Amino acid sequence: PAMSDNIHIIGSALRRRTVTKAWTVDPMQPEHRGKIHVRRKRAAPSSPVWWAFAFAAIVFPLGLLSHYLGWRGNIVGTLIHHSRGARKNNADGDERSAYRPKYNGEAVLGYDIYDCPAAIPPHYPQTWKSTEILTNWNPNDVTTISPAQHREVYQGLCVFDYETQYDIAKTYRDADVPFVLRGDPKVLAVSKRWSDPNHLTGNLSNQMIYTERSPTNHIMFYRIDPESDVDGWTRPPNDIVMMSFEEWLDLALQREATVLDDKEIMSQVIELRKRYLELREMDGGVVTNRAPPEDDVVEIAADLDTQKEKLTKWYYLRLNGWVEDANDKRIDKFLFDEIQFFDPRKPDSSEFYLLPPEKQNGINCRFGMRGIIADAHYDDTRNMIALLEGERRYIIGHPNQCKNMALHPWGHPSARHSFDWANPAKWDVHPEFKEARLSEIVLEAGDVLYLPTSWFHYIVNLSK
């Protein structure tokens with residue numbers, strides 16, 4: 001049974017590549033501060049790649065956050081809320097989806113993932129060998145593809161519609177098995193607001209925030225403990241620096257523009273940089289966001305990289321908010337006013353997600369870049385993961401696969417975590433991993449994924 005619970009939110013704000021004109025407005029007018037105005041038109045299904053920045057938030061249990069929460073963001077287009085029937089069509093090859101379940105129905109799974117029965121099927125969820133899933137689609141490959149090409153995913157999880165299958169979803173939740181809830185109007189409303197980048201830049205400007213920095217797209221959690229002495233341990237290359245949201249967005253979009261060879265995005269980056277430097281000067285500098293809990297040991301590294309060096313690295317922000325400060329502090333108030341379905345003070349909105357609400361006291365946000373991977377780990381609490389914008393791949397495993405996961409032992413700086421699954425050479429170093437049984441799913445904006453206590457999860461930021 002779960003000792004306590006975690007509630008996770010993930011999402012992104014975005015603009016389409018089909019921007020036809022962008023312009024700034026008078027920075028001295030309060031209603032215009034922090035804004036870059038954009039006109040855009042709806043693109044045809046064959047339109048070029050979309051881009052965005054990512055946001056992740058986690059509500060954690062009362063007390064201290066004692067483990068790493070590695071939710072990353074991604075790059076995608078505008079949210080399209082499909083009906084239940086449209087989602088079922090996706091499984092059968094709907095051309096709007098670039099990620100489609102490889103199998104569905106009674107023949108292979110024993111159930112329809114878009115119309116799961118109230119009685120949980122035996123051996124739910126369906127699983128496959130780890131090597132089959134990872135060979136089919138290496139996690140380091142986040143190449144943008146069209147729906148016509150699409151990828152096949154080894155999905156075993158049920159997807160429930162909030163409006164028509166809410167009660168069945170509660171049955172699965174209460175039985176402590178994983179699933180996805182899709183189409184909650186409360187989640188979709190936040191997703192819609194955050195699809196406007198001005199909404200976030202206007203509320204998060206000029207705050208210095210704890211930010212993970214890595215020379216690779218993999219970020220491995222580790223805890224600095226002077227009393228631990230692990231033979232042969234090499235400290236992962238990722239560390240923590242302080243960075244403003246505006247600078248992070250600048251770097252994220254430059255990476256996206258480079259990957260996509262998109263001059264329109266780069267021109268917007270230049271305009272964004274001009275605006276946030278103006279705002280910083282007007283506000284008299286930046287302030288530091290509240291620190292993580294005491295047991296989340298943080299060493300802040302000096303950020304001495306040049307702009308050129310920064311463009312070769314990956315970053316994601318760790319923004320924290322607490323219930324106790326939700327009425328008076330700027331960031332905390334913004335987060336709890338926005339994400340009411342994860343607010344323990346609002347049971348009418350959060351009843352489905354907070355288990356139990358009295359053990360939730362904070363929101364922890366993540367802003368990530370294209371391709372960032374949270375290496376495999378488990379949490380000792382139940383997790384609700386809400387994706388507000390974008391698409392994100394989760395590869396998950398039941399706790400009964402623990403013996404096959406090649407976990408770092410207790411006392412290790414990266415305890416609870418596994419190795420880099422994306423490197424096939426390491427499968428031979430850890431041959432037991434080849435026997436692991438896993439499943440995967442690609443979440444879309446508005447989805448909420450429930451992961452019970454100690455379920456393994458490996459998270460990949462996708463672009464579309």
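The present account deals with the structure reproduced in this document. Chains are numbered independently. Their residues run from 1 in the order of the written sequence. A pLDDT threshold of at least 70 governs which residues receive local features in this predicted model, and a stricter bar of 80 or more applies before side-chain atom pairs are shown or counted, although totals over entire chains, interfaces and linings include all residues. Side-chain measures were taken over the full set of non-hydrogen atoms in the model, leaving aside hydrogen atoms and water.

1. Thoughts on the state of the cysteines
Working definition: the covalent bond between the sulfur atoms of two cysteines is a disulfide. Note on disulfides: each one is a pair of cysteine sulfur atoms within 2.5 Å. Applying the stated rule across the entire model yields 1 disulfide. Disulfide pairing places Cys116 opposite Cys158 at an S-S distance of 1.9 Å. With the S-S bond torsion at -90 degrees, the cross-link from Cys116 to Cys158 turns out left-handed. Taken as a pair, Cys116 in the loop between β5 (99–101) and β6 (128–129) and Cys158 in the loop between β7 (151–153) and β8 (159–161) lie far apart in primary sequence, 42 residues in all. There is no split in this pair, since Cys116 and Cys158 are both buried. Strands here mean DSSP runs of E at least two residues long; helices mean DSSP runs of H or I at least four residues long; both are numbered from the N terminus. The cut-offs for exposure are 20% and 50% of the maximum accessible area for each residue type, with area from a 1.4 Å probe on protein chains only; residues under the lower value are buried, those over the upper are exposed, and the others partly exposed.

2. Some points on the side chain of Glu440
Relative to the helices and strands, Glu440 resides in strand β19 (residues 437–444). According to the relative accessible area criterion, Glu440 is buried, its value standing at 1%. Side-chain atoms alone can form a polar contact between residues adjacent in sequence; in general such a contact is a pair of N or O atoms within 3.5 Å, and within protein one must be able to donate a hydrogen while the other accepts it. There is a polar contact of 2.8 Å between the side chain of Glu440 and the backbone nitrogen of Tyr154. A distance of 2.7 Å separates polar atoms of two side chains, one belonging to Glu440 and the other to Arg393. Here a residue-residue contact requires only that any non-hydrogen atoms of the pair lie within 4.5 Å. If we skip the residues at most four places from it in the chain, Glu440 touches Ile133, Trp137, Glu152, Val153, Tyr154, Gln155, Gly156, Arg393, Tyr394 and Ile395.

3. Observations regarding the nonpolar core
In this structure, Trp248 and Trp421 are the most contacted members of the largest nonpolar core, which totals 103 residues. Leave out the neighbours within four places in its chain, and Trp421 touches Leu134, Ala376, Ile395, Met405, Trp427, Phe433, Leu438 and Tyr458. Put simply, a nonpolar core is a bunch of buried Ala, Val, Leu, Ile, Met, Phe, Trp, Tyr and Cys residues held in one set by side-chain atoms that sit within 4.5 Å of each other.

4. A closer look at the sheet that holds strand β21 (residues 456–461)
Taken in spatial order, the 6 strands of this open sheet run β6-β19-β18-β21-β16-β11, and their pairing is mixed. If you trace the sheet from one side to the other, it starts and ends with β6 and β11 (218–219), each paired once. Two strands are said to pair when DSSP picks up at least two bridges between them. Two elements, strand β18 (residues 391–397) and β19, share 6 bridges in a ladder whose sense is antiparallel. In the sheet register, Ile396 faces β19, and the bridge partner there is Ser439.

5. Section: the packing of aromatic side chains
Any two aromatic rings considered together are summarised by their centre-to-centre distance and by the angle between their planes. Between the rings of Phe, Tyr and Trp (Trp by its six-membered ring), a pair exists once the centres lie within 6.5 Å; its type follows the angle of the planes, with under 30 degrees stacked, over 60 edge-to-face, and the other angles tilted. Summed over all chains, the structure comprises 25 aromatic pairs. A centroid spacing of 5.2 Å and a plane angle of 75 degrees characterise the contact between Tyr162 and Tyr166, whose relative ring orientation is edge-to-face. Of this pair, Tyr162 and Tyr166 both sit in helix α3 (residues 162–174), 4 residues apart, which is roughly one turn of that helix. One aromatic cluster in this structure is built from Tyr111, Tyr124, Phe160, Tyr162, Tyr166, Tyr172, Phe179, Phe341, Phe342, Phe352, Tyr353 and Tyr450.

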